[in-house]
Amino acid sequence: MENQLRFILKVFLLSAIISILIKYVGPYLAIAQTGKNALIIVLLPTIFMAIALLWRFQTHKQT
């Protein structure tokens, strides 16, 4: 139970830090408002997750 609570707190803390960065640091970034940049921002987390899951699948398959 304690391990699950620790995991939830870590996820919550990471989410809070990311949201604070987006809110306060994001407007200072000079990123052009183009369709390509929007697609990159939207699809990048999905691509990272796919790579992480593929890597995990490969390592699980080998053991």
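Just above sits the structure.
Scope of this entry: the structure provided in the associated data block. One numbering rule holds for all chains: residues counted from 1, following each sequence as written. Totals for whole chains, interfaces and linings use all residues, but because this is a predicted model, local features are given only for residues with pLDDT of at least 70 and pairs of side-chain atoms are given and counted only at 80 or more. To get the side-chain values, all heavy atoms of the structure are used, and hydrogens and water are removed first.

Thoughts on the overall build of the protein
By the criteria applied, helices consist of DSSP H or I runs no shorter than four residues and strands consist of E runs no shorter than two, each listed in order from the N terminus. The helix and strand inventory of the protein stands at two helices and zero strands. When we talk radius of gyration, it's over C-alpha atoms, and the globule rule is simply 2.2 Å times the number of residues to the 0.38. For the protein, the C-alpha radius of gyration of 17 Å lies well beyond 11 Å, the compact-globule estimate for 63 residues. Across its three principal axes, the protein shows a C-alpha extent of roughly 45 × 30 × 10 Å. Every one of the 63 residues in the protein was classed for burial, and the buried ones make up 0%. Note that accessible areas follow from Shrake-Rupley with a 1.4 Å probe, and for residues the cover is restricted to the protein chains shown. Summed over its atoms, the accessible surface of the protein is roughly 6500 Å², and 74% of this surface lies on carbon and sulfur atoms. Residue exposure (1.4 Å probe, protein chains only): buried if accessible area is under 20% of the type maximum, exposed if over 50%, otherwise partly exposed.

Comments concerning the environment of Ile-40
Mapping Ile-40 onto the fold places it in helix H2 (residues 35-62). Spatially, the C-alpha atoms of Ile-40 and Gln-4 are 33 Å apart, while their sequence positions differ by 36 residues.

Focus on H2
Between the first and last residue of a helix there are one fewer steps than residues, each counted as 1.5 Å, and that sum is the expected span. With 28 residues, H2 ought to run about 40 Å at 1.5 Å a step, and its terminal C-alpha atoms sit 40 Å apart, in line with that. Fitting axes to the seven residues that end at a residue and to the seven that start at it, the angle between those axes gives the bend at that residue. Of all the bends in H2, the greatest reaches close to 40 degrees and is centred on Leu-43; the proline Pro-45 follows between one and four positions later. Buried residues are scarce in H2, accounting for zero of its 28 residues.

What about a nonpolar patch on the surface?
Two joining distances apply to patches: 9 Å for like charges and 5 Å for nonpolar side chains (Val, Leu, Ile, Met, Phe, Trp, Tyr), and every residue must have over 30% relative accessible area and no salt bridge. The rule for a salt bridge is simple: a side-chain nitrogen of Lys or Arg has to be within 4 Å of a carboxyl oxygen of Asp or Glu. Among the surface-exposed residues, Leu-13, Ile-17, Ile-20, Leu-21, Tyr-24, Val-25, Leu-29, Ile-31 and Ile-41 lie close enough to one another that they form a single nonpolar patch of about 890 Å² accessible area. Here Ile-31 shows up in the loop between helix H1 (2-24) and H2.

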